[in-house]
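The residues making up each chain are set out below.
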Amino acid sequence: MKRRFRSMSLASLLLLATVFTGCTAAPDGSTAAEGPNNPKEVEKFADVLFAEKMKKFNTVGSNFVVVKDGKVVLSKGYGYADKEKKIPVDPSTVFQIGSVTKTFTALAALQLADQGKLNIKEDIQKYLGGLKVPNKTGKPLTMYDLLTYTSGVDMPDIVTDLSPDYINKDIPMKDYLAAHMPTIVRPPGEAYTYDNFGFLLAGYAVQNVSGMPYSEYMERNVFKPLGMNTTSARMTPELLGKMAAHYGPNGELQQTVGFAPSEWPQGSMLSNGEDMAKYLIMHLNKGKYEGKEIVSPKSIDLIHTYQVYVDPTIPITTVGFEEYFKELMNDEHVLLKGGNVPGHSSLIAILPEKNTAFYMSYNNDTMMSVEVYEAFMNHYYPKKQPTPPAAYSPLSEQQAKEYVGLYKNTRIEGVRTKFSYEGGSLLMETGSGKHTLKMIHPLLFDDESGNKVAFKKDAEGTIAYFYYTNPKTLDIVAHSQKVKLKPAFIDVPNESPYKTHIDHLHAMDVMGGKSGNRFDPKGTMTQGEFADVLLRAQGFHNMPYWVAGSKKQMVTGLPDYQPTAPITRQMAAVMIQNLKHVPPATDVKLIGQTDVWAVDAIKALVAQGIVDPDTKVSADQTVDFRSIQNISRQEASALLDKAFDYYALPIAR
C-alpha cells in the first residue's frame, strides 16, 4: 500500500509519483561484478549511496541489510534513530515495517495450507467463523484472491485506521471487521487493487483457523522458528523502547501511531535488521532456516512466482509480494514489498534466481527506498540488453470504440481517466496530463514516454479495466474500471450545457438525484450537503485515515460554516480550492461583489478553467463569478466535475 503503497496513507501514495532515472554505477562512479559478493565493496557502495540519498530525502536514520547465498553480507545503520538524543541507528534498531507485514501474513496462511487446515482456493467464508463478507458477484472469495490483491471489494482501505490514541488500547479484530466490512462488487480474481482490507481478513482467517490470536500465531510459528526475537505483530513496551523516532519529510518529529484493530495483519509489525536478515535467508533457502522447514517448497513457489499480470509482459503480484516498477527490474526476477506508516518506511527486495535480497527501514515517510532499489539493481544487476523499440499496429476508429470512455481507479476513486480517439491513436486524459497512446497489440499501448497502458476484458469479453505503468501517477495502485453511465435524469434536457457534468457525477456515485430519476438542476444545496458531495468528488472518502483531515481542511478560511445553511458560490469555491490546491492566479479580475476571504480561491479556479457554463470569462480575464449567490445543484456539478474529474489543468477555454 505500498509499497508506500504503507499500510497506506495518501502521502505514501502521492510519493509514488516520484520520477526515477537509471544509472549503471554507484554514486561514487564505481561498478561491481554481478551480485553483492564482496562485503567490503558492498559496504563502500552502501556508505556512499546512503549518504547521498539520506541527504536528498532529509532522512534522519536508516538501516540496510544485504543477504547473498544464505549469508549476511552487510547489516549496518546510518544516521540517528533519535536525532534529539543522538542515538544512532544500528542493526538492533526497531522500526515499524508497515505493509511488509503482508508478506508475513501470506506466509502464515500458506503454513496452514501446508498443514491441510485451509485450502487457499476454497470460499474464505469457510474459515471466518460466521463472519460474513457481502458479495454481489456470485463468485466465492478465496484466500488466494486476498493474498494476490484481487478480492474485488469496493472499499479496500476502509480499515486504514491509525492513531496515537490506539497504542495502549486493545481493539479486537473480529469486532472491528464486523463494523468495517466492505462489499465484493467485482468478481474475485478479475482485477488488481492494492488491498489493506484483504490482508486484514486473511489475518483474521489465520487467527480463526489456528484458534489463537494472530500475534500469538506469528510468534509461535514464524518469529520463534526464525529466531526473530525482536519482532512482533503488535506493539509491546519492550519494542516501543527500542524503536526509532518518527520524522516527517522535513525532519519534523512525529507521533508514533497505533492501529485499529490492535493487531493489523496488513501492517502492524515491528522488527529490526538482525531479525529481517533471518527472514530473507529463509526466503533464499526456499522456505527453510537452519534445517527447519518454515513453509513448504510448493508454498514458497507461490510466494516467489508472479500470479497476477496486467499483460503477459507486466507482472504485478505474487502471493504476498508485488512489483510496481518493472522498468527497474533490469530484466531480472525481483519481488518487492514496501511498507509505510507515518514517519517510518521499509522495503524488502528478493531476487530468488540470484540468491540475493536486501531489507531497509528508515525514519521518515518518503520513497527514498525506491531510489536505493534502483541504484542497487543498476550497480549489481545492470540491464544487459537495451529494450527494443515497440512495433506499433494501426488503430481504427471502429477498433477504438471498445476502449473509449471514462474510467475510475478501483482503489483511489479520485484517480479518473478518459480515453477518446484522435488521429489513429487513443488520447488519454487524466489529472497528470494528456497522453497519446499507440497500439502495440490489442489490449496493450505505449504512451509518448514508453509507459505501458494495458487493458483487460471482463468475463463477458468486454473491455472493463486498464492499468497504467507511469510512475508519475497514482494509477499504479490498482486497475481502473470503466464507468457505466446511468439512466438520464428526466429533468435535465439533452441540450443542457450541464448534462455531461451531471451525468459524470451520477455515474461515479458522487452526486445523485433528489428523488426518483429527477436531479433538480436548479435546486440549492446546504453547506453540509455540498461538503458530503465534495468529499466524494475528491475521491478519498473511502480512506478513513484521511477523512477527518479532509473535513477539517475543506472548511479552513470560511467565516461561518453551518451545515444546515444554504451554500453560496464563493463558499463552494473556497471549499473546492482547500482540497484541490490549484496554483494561485493574479491575472483574473473579479467584478461584482466577492468577500475578501474568497477572492484568492475564486481567482485560482477561474484561471484553471474551473467555472460553470453560465460564468463567462472575457478575453482580458474579467469575470463576474456571482459570488454571493447560492449555488445551484447543476452549477455545483460543473465545478466539481471540472475540479476533480479526469481533466488535465488548466482546462482549455
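All values derive from a computational prediction rather than experimental measurement.

Student: Looking at this model, I keep getting lost on the overall build of the protein. Mind explaining?
Tutor: The helix and strand tally for the protein stands at 18 helices and 26 strands. In terms of overall dimensions, the protein is globule-like: its C-alpha atoms have a radius of gyration of 25 Å, near the 26 Å expected for 653 residues. Seen along its three principal axes, the alpha-carbon backbone of the protein occupies a region of about 75 × 55 × 55 Å. Taking all 653 residues of the protein together, the buried fraction comes to 60%. As displayed, the protein offers around 24,800 Å² of accessible surface, 51% of which is attributable to carbon and sulfur atoms.

Student: Please explain the pairing of strand E22 (residues 452-457) as it appears in this structure.
Tutor: Regular strands have side chains that alternate between both faces of the sheet. Taken together, the three bridges between strand E21 (residues 444-446) and E22 define a ladder with antiparallel strand orientation. Bridging across to E22, Asp446 finds its partner in Lys452. Taking the residues between adjacent antiparallel strands as the criterion, E21 and E22 are bridged by five residues, where Gly450 takes a positive phi near 90 degrees. For E22 and strand E23 (residues 463-468), the ladder comprises five bridges, and the chain directions are antiparallel. Its bridge partner being in E23, Ala454 is matched across the sheet by Tyr467.

Student: So what exactly am I meant to see when it comes to the pairing of E23 here?
Tutor: Of all six residues making up E23, six are buried, and the element is well covered by its neighbours. Hairpin connection of E22 to E23: five residues between the antiparallel strands, including Gly461 at a positive phi of 80 degrees. As defined by bridge partners, E23 adjoins strand E24 (residues 480-482) across two bridges and the pair is classed as antiparallel. Within E24, the position partnered with Tyr465 by the bridge is Gln481.

Student: Please explain the packing of helix H14 (residues 527-538) against helix H15 (residues 544-554) as it appears in this structure.
Tutor: Geometrically, a packed helix pair is captured by the angle between its two axes and the distance between the axes. Between H14 and H15, the shortest axis-to-axis distance is 11 Å and the interhelical angle comes to 120 degrees. Comparing their axes, H15 and H14 come out oblique. Considering only the axes of H14 and H15, their crossing is right-handed. Taken together, the residues of H15 that come into contact with H14 (itself represented by Ala531, Leu534, Leu535 and Gln538) are Ser550, Lys551 and Met554. A breakdown of the residues in the contact of H14 with H15 according to their chemical character gives four nonpolar, two polar and one charged.

Student: Sorry, what's going on with the packing of aromatic side chains here?
Tutor: How two aromatic rings sit relative to each other is given by the distance of their centres and the angle of their planes. Following the criterion strictly, the structure yields 27 aromatic pairs and no others. When the ring of Phe50 is compared with that of Tyr78, the centres are 4.9 Å apart and the planes differ by 5 degrees; the resulting orientation is stacked. With a gap of 28 residues between them, Phe50 in helix H2 (residues 39-56) and Tyr78 in strand E2 (residues 71-82) connect regions that are remote in the sequence. The exposure classification of Phe50 matches that of Tyr78, with both residues buried. Measuring from ring centre to ring centre gives 4.4 Å for Tyr646 and Tyr647, while their planes differ by 25 degrees; the resulting arrangement is stacked.

Student: Just to check I follow, could you spell out the sheet that holds E21 for this structure?
Tutor: Across a sheet, paired strands are connected by hydrogen bonds in the backbone, their directions being either parallel or antiparallel. Strand order around the closed barrel formed by eight strands is E17-E18-E19-E20-E21-E22-E23-E24, with antiparallel pairing between neighbours. Going across the sheet, the axis of each strand differs from the next one's by a mean of 30 degrees, ignoring polarity. Relative to strand E20 (residues 433-441), strand E19 (residues 425-430) runs antiparallel, the two sharing five bridges. Looking across to E20, one finds that Leu426 is bridged to Leu437.

Student: How should helix H9 (residues 273-284) be read in this particular structure?
Tutor: At 3.6 residues per turn, the α-helix brings residues three or four places apart onto the same side. The first and last C-alpha atoms of H9 sit 16 Å apart over 12 residues, in line with the 16 Å expected at 1.5 Å per residue. Most of H9 sits out of view: 10 of its 12 residues are buried. All of the buried residues along H9 are Gly273, Asp275, Met276, Ala277, Tyr279, Leu280, Ile281, Met282, His283 and Leu284. Its side-chain oxygen placed 3.3 Å from the backbone nitrogen of Glu274, Asn272 serves as the N-cap of H9. Looking one or two places after H9, you find Lys286, whose phi comes out positive at around 60 degrees.

Student: Can you help me understand helix H11 (residues 368-380) in this one?
Tutor: Relative to the 18 Å expected for 13 residues at 1.5 Å per residue, H11 spans 18 Å between its end C-alpha atoms, a close match to the ideal helical length. Among the 13 residues that make up H11, 13 are buried, leaving the element largely enclosed by the rest of the structure.

Student: Is there a simple way to explain the pattern of salt bridges in this structure?
Tutor: Where charged atoms from two side chains of opposite charge come close, those side chains can pair. One pass over the structure, following the stated rule, counts 24 salt bridges. Among the salt bridges present, the one from Arg569 reaches Asp612, with a minimum N-O distance of 2.8 Å. In this pair, Arg569 sits in helix H16 (residues 569-580) while Asp612 sits in the loop between helix H17 (596-607) and strand E26 (622-623), placing the two residues 43 residues apart along the sequence. Note on accessibility: Arg569 and Asp612 belong to one class, buried. Several salt bridges converge on common partners, so that one network encompasses Glu52, Lys53, Lys56 and Glu371.

Student: How do you make sense of unusual backbone geometry when you look at a structure like this?
Tutor: For residues other than glycine, phi is negative in most cases, and the peptide bonds are mostly trans. The peptide bond linking Ala260 to Pro261 adopts the cis configuration, its omega dihedral lying at 0 degrees. Secondary-structure assignment places Pro261 in the loop between strand E8 (258-259) and strand E9 (270-271). Residue Pro650 follows Leu649 across a cis peptide bond; omega there is 0 degrees. Among the structural elements, Pro650 can be located in the segment after helix H18 (633-644). Positive phi is not limited to glycine here, since Asn355 has a value of about 55 degrees.

Student: Explain the sheet that holds strand E16 (residues 356-362) to me, please; I cannot follow it from the model alone.
Tutor: Pairing within the open sheet is antiparallel, and its six strands lie in the order E3-E2-E1-E16-E15-E14. The open sheet is flanked by strand E3 (87-88) and strand E14 (335-341), the only strands paired with a single partner.

Student: Explain the side chain of Glu413 to me, please; I cannot follow it from the model alone.
Tutor: Inspection of the secondary structure puts Glu413 in the loop between strand E17 (405-409) and strand E18 (416-422). Of the buried charged residues, Glu413 lacks a salt bridge, with Lys408 as the closest side chain of opposite charge at 4.1 Å. Residues within four places of Glu413 in sequence aside, it is in contact with Lys408, Gly539, His541 and Asn542.

Student: Which parts of the structure should I look at to understand the environment of Glu353?
Tutor: By secondary structure assignment, the location of Glu353 is in the loop between strand E15 (344-351) and E16. The spatial distance from the C-alpha of Glu353 to the C-alpha of His304 is 9.8 Å, given a sequence separation of 49 residues.

Student: Hey, could you run me through the nonpolar core in this one?
Tutor: Considering soluble globular proteins, one finds that nonpolar side chains tend to be buried as a cluster. Judged by nonpolar contacts, the single largest core of 118 residues is most densely connected at Phe64, Phe104, Met143, Leu201, Met218 and Tyr373. Not counting the four nearest positions on each side in its chain, Tyr373 is found in contact with Glu323, Leu328, Met329, Val334, Leu336, Leu347, Ala349 and Phe358. By size, the runner-up hydrophobic cluster in this structure holds 53 residues, among which are Tyr498, Met554, Leu579 and Ala643.

Student: Before we go on, may I ask you to explain the environment of Val319 in this structure?
Tutor: Relative to the helices and strands, Val319 is located in the loop between strand E13 (314-317) and E14. When the C-alpha atoms of Val319 and Leu107 are compared, they prove to be 8.7 Å apart, with 212 residues separating the residues in sequence. Apart from the residues within four sequence positions on either side, Val319 is in contact with Ala106, Leu110, Tyr144, Leu147, Thr148, Leu302, Ile303 and Gln307.

Conventions adopted
- Residues numbered from 1 in each chain as written.
- Predicted model: local features only at pLDDT ≥ 70, side-chain atom pairs only at ≥ 80, totals over all residues.
- Heavy atoms only, no water.
- Helix = DSSP H or I, 4+ residues; strand = E, 2+ residues; numbered from the N terminus.
- Rg over C-alpha atoms; globule rule 2.2 N^0.38 Å.
- Buried < 20%, exposed > 50% of the residue type's maximum accessible area, 1.4 Å probe, protein only.
- Areas by Shrake-Rupley, 256 points an atom, 1.4 Å probe, with all protein chains shown as cover.
- Pairing = 2+ DSSP bridges.
- Axes fitted to C-alpha atoms, helices over the stretch in contact; angles between N-to-C directions.
- Parallel < 35°, antiparallel > 145°, perpendicular 65-115°, else oblique.
- Left-handed = near helix turned anticlockwise from the far one by under 90°.
- Contact = heavy atoms within 4.5 Å.
- Nonpolar A, V, L, I, M, F, W, Y, C, P; charged D, E, K, R; others polar.
- Phe/Tyr/Trp six-rings, centres within 6.5 Å; stacked < 30°, edge-to-face > 60°.
- Expected span 1.5 Å × (residues − 1).
- Polar contact = N/O pair within 3.5 Å; in protein donor to acceptor, adjacent residues only side chain to side chain.
- Salt bridge = Lys/Arg side-chain N within 4 Å of Asp/Glu carboxyl O.
- Lys, Arg positive; Asp, Glu negative; His and termini not counted.
- Core = buried A, V, L, I, M, F, W, Y, C linked by side-chain atoms within 4.5 Å.

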